[in-house]
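What follows is the residue order along each chain.
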Amino acid sequence: MSRSRQPPLVTGISPNEGIPWTKVTIRGENLGTGPTDLIGLAICGHNCLLTAEWMSASKIVCRVGQAKNDKGDIIVTTKSGGRGTSTVSFKLLKPEKIGILDQSAVWVDEMNYYDMRTDRNKGIPPLSLRPANPLGIEIEKSKFSQKDLEMLFHGMSADFTSENFSAAWYLIENHSNTSFEQLKMAVANLKRQANKKSEGSLAYVKGGLSTFFEAQDALSDVTNSVNATHCVFTLERRMTGYQSLQPFSPRPPHVHAAIHQKLEADGTEKVEGSMTQKLENVLNRASNTADTLFQEVLGRKDKADSTRNALNVLQRFKFLFNLPLNIERNIQKGDYDVVINDYEKAKSLFGKTEVQVFKKYYAEVETRIEALRELLLDKLLETPSTLHDQKRYIRYLSDLHTPGDPAWQCIGAQHKWILQLMHSCKEGYVKDLKANPGLHSPMLDLDNDTRPSVLGHLSQTASLKRGSSFQSGRDDTWRYKTPHRVAFVEKLTKLVLSQLPNFWKLWISYVNGSLFSETAEKSGQIERSKNVRQRQNDFKKMIQEVMHSLVKLARGALLPLSIRDGEAKQYGGWEVKCELSGQWLAHAIQTVRLTHESLTALEIPNDVLQTIQDLILDLRVRCVMVTLQHTAEEIKRLAEKEDWIVDNEGLTSLPCQFEQCIVCSLQSLKGVLECKPGEASVFQQPKTQEEVCQLSINIMQVFIYCLEQLSTKPDADIDTTHLSVDVSSPDLFGSVHEDFSLTSEQRLLIVLSNCCFLERHTFLNIAEHFEKHNFQGIEKITQVSMASLKELDQRLFENYIELKADPIVGSLEPGIYAGYFDWKDCLPPTGVRNYLKEALVNIIAVHAEVFTVSKELVPRVLSKVVEAVSEELSRLMQCVSSFSRNGALQARLEICALRDTVAVYLTPESKSSFKQALEALPQLSSGADKKLLEELLNKFKSSMHLQLTCFQAASSTMMKT
């Protein structure tokens, strides 16, 4: 039959040598599947199974027994693997024997060195068999090793009580350096000890011999009955006195015989009666006389004996009689351990006594112990108290076998205490807030906000860079003005973290039984295990109640709208109208997160802490909402901070401030949006995604509205006292003087330039920041924002074109027909007329105005202006019914002059308009007309070369581009 497992194999033992009863650890392979599988364990041939403790299939712990072999293998036998083998061995060392009277620094196992049954007739005390120094001289240990001596005296022993004692070994080991004279003294000591032992029990009978000899002499001298009677009385009196003082020793038989013969002889010679009868009478009279004489003495003796017995009882049982007083004294000193030990001792000795005196005193002890139980229970339930004191009192009560379950009562009291502390903390802060409503209260109103806003920081930075005298009126004192509700949450979490860990550890100690002493644990282990199973759900409800109270109190302070109306009075009651800012909500989130991490470290179940996770998620969502709303409020104020200072790119600081404002807000939300272990994403709910997306769009549209307000702001509302010109920018509109003010057209251009930059850079950068922070619906945010921006841009652009193009277009028709000019009857052309030159000068003025603000806007603006002018010119040409030869040449000259001058800014629409205008004119029939037209065009371009230089520079710039 094949076994299911391999035979055991021992590969190591620690330690590998030692004396009997040494605890060793055996390691190896296949050492059994369990304690029941281990059926044999032998070390050096000795069965060690009784002390074996199976730990695992590779580890066994046991104690080495008394083995005959000095060195041997370790053999393990199991049911599943059979008898095993060993690759290591164990060496059994002989213990150094210590005498009964020898001093030792460690506890020595008691060993039976002497058996009284084998030497029963010898009256030698057992202690004398093992003297510490049998030779009586000073012992000098030799330097020879134990191994060398064992090899030299194989099979012998240096122990003088051993059967194979070797005197030579003993002398070499203990007296190798002793002189010969000292050895002679040792021999004399041995002889003296032997003589003492030979005397034996002879000393027991030495003291009684003289009495017997005196009695024999007295009987020999008796000559008559009176003398005999007197002698016998004297003999008996002496013998009686001897018996009362000496141990009983039987009289020799020949003494009894001699006395009997003498009395018989006397009785036969006398007539008066038997000698024995007379002796009896005499003895009775002597006894009565003695009783009469010594009755009082004997009574006092009996009374003294009774008193002595009572004193002996008091002395013997003084522990019980003094115990009530000692208990009271030790309780006053706080030595509860002493009281418990004395009580356990008294209970074991007198708990079941039937003696009335003992019952009475033991009842007093029980009365004081009951008072001690009540005292300890009161101390246990007293709050606040440390975990150490709670465990100590619980252990005392368990040792005193207190009825009920004090540990569970303590847990319940701590639970109520924690809840009471939490609500008291809330009431204290609410009361303080009502008493001082103006202190520590955050305001969402930006005008009254003591915290430095992102906008304020940006404005201050921008002003300092531009050399402005702007000084921020806000300081950093807000950091030390914590709102009441935030301070309450911090205090609340600290309170819970200071109390709940001890509360949880108390429950863990209650479950594993470490609260109780070994005696109490063994006696109440079964009952307590039942209580733990029954009360596990109760404790879970306690923890859940604490967590729910913590979360609801925090919600009442931070998210008052998230609690039900019925719970508002219990968990709310703050009566504040303003909402906490995003910065304080982020601070509160960090506080709650740290609380959750600390509670998780206590290994509290996750389902119990789920309410805190829900609170963190709601706070994060609310923080994002409030921060975005606050950002929108900040951006509304950007219009007030516009300084209208244009840089080389035609931009003010407004787009940069807008982007930085959003970046700072998102940066403040970085920790809030980041998901800690076990936390869900802020954007996991579709509703939250939609709200955040809408708030983000609202931020963009608020800024677009600010741009629109700036573009349409009346001139009188613009403060230009702080304006300055960037030294790196060209001269703004030719010159800057003290009474300078921006016109509506200039503001339109600046806003248009900012809109272009927003469309090409800022909005795209903001979208990247949103994506970096895992915002959802970024495409929608970008599309809606871009559409709104383009709509504003187009509207502002059309307004500007209308402001600039309409006057130019309106001046064409009056200029053409000035002086009653008629296309049918006119003089030969001598050059371009003034109305066209005036129109070109106006276009050049528009070019200069736009170029000063933004070079990139020039093509866009001039193209539209040229379109308007060409369209009007085409309309006017088409309205002419007929042209004379000179009129047609004049019209073609002016149209071609305008077209060639603004050729850089021609668009398909303007080209089409110029084409239509030329098609409306009669064709040139002769070469002279064409030559004249070319000469006049060259003359025009030459005469206005300086004015037309701007169009040529733009042309070269566009070609390079």
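Here is what the cut-offs are and how they apply
Residues numbered from 1 in each chain as written. Predicted model: local features only at pLDDT ≥ 70, side-chain atom pairs only at ≥ 80, totals over all residues. Heavy atoms only, no water. UniProt positions renumbered as here; feature names shortened; annotations may be inferred. Core = buried A, V, L, I, M, F, W, Y, C linked by side-chain atoms within 4.5 Å. Buried < 20%, exposed > 50% of the residue type's maximum accessible area, 1.4 Å probe, protein only. Helix = DSSP H or I, 4+ residues; strand = E, 2+ residues; numbered from the N terminus. Axes fitted to C-alpha atoms, helices over the stretch in contact; angles between N-to-C directions. Parallel < 35°, antiparallel > 145°, perpendicular 65-115°, else oblique. Left-handed = near helix turned anticlockwise from the far one by under 90°. Contact = heavy atoms within 4.5 Å. Nonpolar A, V, L, I, M, F, W, Y, C, P; charged D, E, K, R; others polar. Expected span 1.5 Å × (residues − 1). Phe/Tyr/Trp six-rings, centres within 6.5 Å; stacked < 30°, edge-to-face > 60°. Lys NZ or Arg CZ within 6 Å of the ring centre and 35° of its normal. Salt bridge = Lys/Arg side-chain N within 4 Å of Asp/Glu carboxyl O. Pairing = 2+ DSSP bridges. Disulfide = S-S within 2.5 Å. Polar contact = N/O pair within 3.5 Å; in protein donor to acceptor, adjacent residues only side chain to side chain. pLDDT = per-residue confidence, 0-100. Lys, Arg positive; Asp, Glu negative; His and termini not counted. Arc of directions from axis to C-beta.

Looking at an unreviewed UniProt entry, one finds the protein named Exocyst complex component 2 and attributed to Papio anubis. Per UniProt, the comment on the protein under Subcellular location (unreviewed entry) is "Midbody, Midbody ring". According to the UniProt record, the Sequence similarities (unreviewed entry) comment for the protein is "Belongs to the SEC5 family."

> I'd like to hear about the nonpolar core, residue by residue, with values.
Formed by 190 residues in total, the largest nonpolar core has its most connected members in Met 422, Leu 500, Phe 658 and Met 877. Here the element with the most residues in this core is helix 19 (residues 606-636); it accounts for 15 residues. Counting residues in each nonpolar core, the second largest holds 18 residues, with Ile 13, Leu 38, Ile 60 and Val 64 among its members.

> So what's going on with the packing of helix 10 (residues 356-381) against helix 11 (residues 387-399)? Residues and values would help.
Here helix 10 crosses helix 11 at 155°, and the two axes come no closer than 9 Å. On the basis of the axis angle, helix 10 is roughly antiparallel to helix 11. The chirality of how helix 10 crosses helix 11 is left-handed. Contacts between helix 10 and helix 11 involve Arg 373, Leu 376, Leu 377, Lys 379 and Leu 380 on the former and, on the latter, Gln 390, Tyr 393, Ile 394, Tyr 396 and Leu 397. Residues belonging to the contact of helix 10 with helix 11 are distributed by class as follows: 7 nonpolar, 1 polar and 2 charged.

> Please set out helix 20 (residues 654-668) residue by residue, giving values where relevant.
In a regular helix each residue adds 1.5 Å, so 15 residues correspond to 21 Å; helix 20 covers 21 Å between its end C-alpha atoms and thus fits that length. For helix 20, the complete set of buried residues consists of Leu 654, Pro 655, Gln 657, Phe 658, Glu 659, Cys 661, Ile 662, Ser 665 and Leu 666.

> Tell me about the packing of aromatic side chains, and name the residues and values.
Per the stated rule, a full pass over the model turns up 21 aromatic pairs. Here the aromatic rings of Phe 683 and Phe 775 are separated by 5.2 Å at their centres, their planes lie at 50°, and the arrangement is tilted. Of this pair, Phe 683 sits in the loop between helix 21 (670-673) and helix 22 (686-711) while Phe 775 sits in the loop between helix 23 (744-772) and helix 24 (778-816), and the two are 92 residues apart along the sequence. The residues Phe 683 and Phe 775 share a single accessibility class, namely buried. Each member of the aromatic cluster is reached from another via a ring pair, and the members are Trp 408, Phe 503, Trp 504, Trp 507, Tyr 510 and Phe 539. Here the guanidinium or amino end of Lys 345 rests over the ring plane of Phe 319, the centre of that ring lying 4.7 Å away. Between the NZ or CZ atom of Arg 860 and the centre of the ring of Phe 797, over which it lies, the distance is 4.1 Å.

> How would you sum up the environment of Pro 7? Please name residues and give values.
Note on placement: Pro 7 falls in the segment before strand 1 (9-14). The spatial distance from the C-alpha of Pro 7 to the C-alpha of Gly 81 is 4.2 Å, given a sequence separation of 74 residues. What Pro 7 contacts, discounting residues up to four positions off in sequence, is Glu 29, Asn 30, Gly 81, Arg 83 and Gly 84.

> So what's going on with the pattern of salt bridges? Residues and values would help.
A complete count under the given rule lists 27 salt bridges for this structure. Across the salt bridge formed by Arg 300 and Glu 296, the nearest N and O atoms sit 3.0 Å from each other. Separated by 4 residues within a single helix, Arg 300 and Glu 296 lie in helix 7 (residues 275-316), roughly one turn from each other. Under the relative-accessibility criterion, Glu 296 is labelled exposed at 59%. Its salt-bridge partner being Arg 885, residue Asp 929 comes within 2.3 Å of it at the nearest N-O pair. Taken as a pair, Asp 929 in helix 29 (residues 927-943) and Arg 885 in helix 27 (residues 885-901) lie far apart in primary sequence, 44 residues in all. Its relative accessible area of 5% is what places Asp 929 among the buried residues. Overlapping salt bridges, with partners in common, bring together Lys 301, Asp 305 and Arg 308 in one network.

> Account for the sheet that holds strand 3 (residues 23-29), naming residues and giving values.
Taken in spatial order, the 5 strands of this open sheet run 6-7-3-1-10, and their pairing is mixed. Both edges of this open sheet fall to strand 6 (53-56) and strand 10 (85-86), since each of them pairs with a single strand only. Across 5 bridges, the pairing between strand 1 and strand 3 is antiparallel. Bridging from a neighbouring strand, Ile 13 pairs with Ile 26 of strand 3.

> Lay out unusual backbone geometry in plain terms, naming residues and giving numbers.
Ser 14 connects to Pro 15 through a cis peptide bond whose omega is -5°. The topology assignment puts Pro 15 in the loop between strand 1 and strand 2 (17-18). In this model, Glu 603 sits at a positive phi of 65°, which is unusual for a non-glycine residue. For Glu 603, the position within the fold is in the loop between helix 18 (582-601) and helix 19. Look at Glu 603 and you get exposed, because its relative accessible area is 66%. The backbone phi angle of Tyr 820 is positive, close to 55°, even though this residue is not glycine. Mapped onto the elements of the fold, Tyr 820 is located in the loop between helix 24 and helix 25 (834-853). Accessibility expressed as a relative area gives 81% for Tyr 820, which makes it exposed.

> I'd like a description of the state of the cysteines, backed by residues and values.
One pass over the full model with this rule turns up 0 disulfides. The thiol of Cys 661 is unpaired, and the distance to the nearest cysteine sulfur, on Cys 664, comes to 7.2 Å. The exposure class of Cys 661 is buried, given its relative accessible area of 1%.

> Residues and numbers for the packing of helix 18 against helix 19, please.
The N-to-C vectors of helix 18 and helix 19 enclose an angle of 165°; their axes lie 9 Å apart at closest approach. Judged by the inter-axis angle, helix 18 sits roughly antiparallel to helix 19. Remark: the crossing between helix 18 and helix 19 carries left-handed chirality. Here Gly 582, Leu 585, Ala 586, Ile 589, Val 592, Arg 593, His 596, Leu 599 and Thr 600 of helix 18 lie close against helix 19, whose contacting residues are Leu 609, Ile 612, Gln 613, Leu 615, Ile 616, Leu 619, Arg 620, Arg 622, Cys 623, Val 626 and Thr 627. Partitioning the contact of helix 18 with helix 19 into residue classes produces 12 nonpolar, 5 polar and 3 charged.

> Break down the side chain of Ser 86 for me, citing the residues and quoting the values.
You can see Ser 86 is positioned in strand 10. In this structure the side chain of Ser 86 is engaged in a polar contact, spanning 2.6 Å, whose partner is the backbone oxygen of Val 88. With residues near it in sequence (within four places) discarded, Ser 86 still touches Val 10, Asp 73 and Ile 74.

> Tell me about the pairing of strand 4 (residues 38-43), residues and numbers included.
Here strand 4 pairs with strand 8 (residues 71-78) via 5 bridges, running antiparallel. The residue of strand 8 that forms the bridge with Ala 42 is Ile 75. Count of turn residues in the strand 4/strand 5 (residues 46-47) antiparallel hairpin: 2 residues, of which Cys 44 carries a positive phi of about 55°.

> Explain the pairing of strand 3 to me, using residue names and the numbers behind them.
Burial of the side chains of strand 3 is restricted to one face: Val 24, Ile 26 and Gly 28 are buried, whereas none of Lys 23, Thr 25, Arg 27 and Glu 29 on the reverse face is. Direction of pairing for strand 3 relative to strand 7 (residues 59-63): antiparallel, over a ladder of 5 bridges. What sits directly across from Lys 23, in strand 7, is Arg 63.

> Outline the confidence of the model for the protein, supporting the account with residue identities and numerical values.
Across the protein, the average pLDDT comes to 75, with 76% of residues at 70 or higher. This model gives residues 111-129 a pLDDT under 50, and the stretch forms 12 contacts once residues within four places in sequence are excluded. Long-range and interchain partners of residues 222-251, a stretch whose pLDDT sits below 50, account for 31 contacts in this model, where long-range means more than four residues apart.

> Please set out the side chain of Glu 745 residue by residue, giving values where relevant.
Among the secondary structure elements, Glu 745 is positioned in helix 23. Within the buried core, Glu 745 has no salt-bridge partner, and the shortest N-O distance to an opposite charge, that of Lys 804, equals 4.7 Å. Those residues within four positions of Glu 745 in sequence are excluded, and the remaining contacts are Tyr 800, Leu 803, Lys 804 and Glu 849.

> Lay out helix 9 (residues 336-350) in plain terms, naming residues and giving numbers.
With 15 residues, helix 9 should cover 21 Å at 1.5 Å per step; its first-to-last C-alpha distance of 20 Å lies within 8% of that length. Along helix 9, the positions that sit buried rather than exposed are Tyr 336, Val 339, Ile 340, Asp 342, Tyr 343, Ala 346 and Phe 350. Axial view of helix 9: buried residues confined to an arc of 165°, hence all on one face. In helix 9, those exposed residues whose orientation departs by more than 90 degrees from the buried face are Asn 341, Ser 348 and Leu 349.

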